[in-house]
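What follows is the residue order along each chain.
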Amino acid sequence: MRCTIVLLAWLASSALALGAEADRLADVASAMAPIMANLRTAASYARTGNIALAQIETDEAGRRVEAARFPAR
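Residues numbered from 1 in each chain as written. Predicted model: local features only at pLDDT ≥ 70, side-chain atom pairs only at ≥ 80, totals over all residues. Heavy atoms only, no water.

Trainee: What's the story with the pattern of salt bridges in this structure? I'm lost.
Mentor: Pairing between side chains of opposite charge can happen when their charged atoms approach one another. The tally for this structure, following the rule as stated, stands at two salt bridges. The partner of Arg63 in a salt bridge is Glu60, and the shortest N-O contact between them spans 3.1 Å. Of the two residues, Arg63 and Glu60 are both situated in helix H3 (residues 51-69); the distance of three residues between them amounts to about one turn of the helix. According to the relative accessible area criterion, Glu60 is partly exposed, its value standing at 27%. The salt bridge partner of Glu60 is Arg64, with a shortest N-O separation of 3.4 Å. Here Glu60 and its partner Arg64 are both found in helix H3, four residues apart, which amounts to about one turn of the helix. (Salt bridge = Lys/Arg side-chain N within 4 Å of Asp/Glu carboxyl O. Helix = DSSP H or I, 4+ residues; strand = E, 2+ residues; numbered from the N terminus. Buried < 20%, exposed > 50% of the residue type's maximum accessible area, 1.4 Å probe, protein only.)

Trainee: I keep staring at the side chain of Glu57 and nothing clicks. Help me out?
Mentor: Inspection of the secondary structure puts Glu57 in helix H3. One buried charged side chain, Glu57, makes no salt bridge at all; its nearest oppositely charged neighbour is Arg64, positioned 7.0 Å away. With sequence-adjacent residues up to four places away left out, Glu57 is seen in contact with Asn38, Thr41, Ala42 and Tyr45. (Lys, Arg positive; Asp, Glu negative; His and termini not counted. Contact = heavy atoms within 4.5 Å.)

Trainee: Looking at this structure, I do not really get the environment of Ser44. What am I missing?
Mentor: Secondary-structure assignment places Ser44 in helix H2 (residues 25-47). For Ser44, a relative accessible area of 31% gives the class partly exposed. Taking the C-alpha atoms as reference points, Ser44 and Ala54, separated by ten residues in sequence, lie 7.7 Å from one another.

Trainee: What is the right way to read the nonpolar core from this model?
Mentor: A general trend in soluble globular proteins is that nonpolar side chains are found buried together. By size, the foremost hydrophobic cluster in this structure holds seven residues: Ala9, Val28, Met32, Ile35, Leu39, Ala61 and Val65. Sorting the residues of this core by element identifies H2 and H3 as the ones contributing at least two each. It is H2 that contributes the most residues to this core, four residues altogether. (Core = buried A, V, L, I, M, F, W, Y, C linked by side-chain atoms within 4.5 Å.)

Trainee: Explain H3 here, please?
Mentor: Helical periodicity: at 3.6 residues per turn, an α-helix aligns residues three or four positions apart in one direction. Over its 19 residues, H3 extends 27 Å from the first C-alpha to the last, a length consistent with the 27 Å expected when each residue adds 1.5 Å. Within H3 the residues assigned to the buried category are Ala54, Glu57, Thr58, Ala61 and Val65. Buried residues of H3, seen end-on, are gathered within an arc of 100° and therefore sit on one face of the element. (Expected span 1.5 Å × (residues − 1). Arc of directions from axis to C-beta.)

Shown next as structure tokens:
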């Protein structure tokens, strides 16, 4: 589970950063805050052995990455 959380954090940061331009760097930073909050919560749940809630949090982080990467038009 720890590897999954680290991998998702890395993918989120690189997916957002690759599409970032100079004027969008603040947007990337603001998009990463709630994603990292979900991943910290998932790590906490995983440490306490509650894998189901950790999976829910990682899924939510993934949805936030997708929403930040491909905003609704």
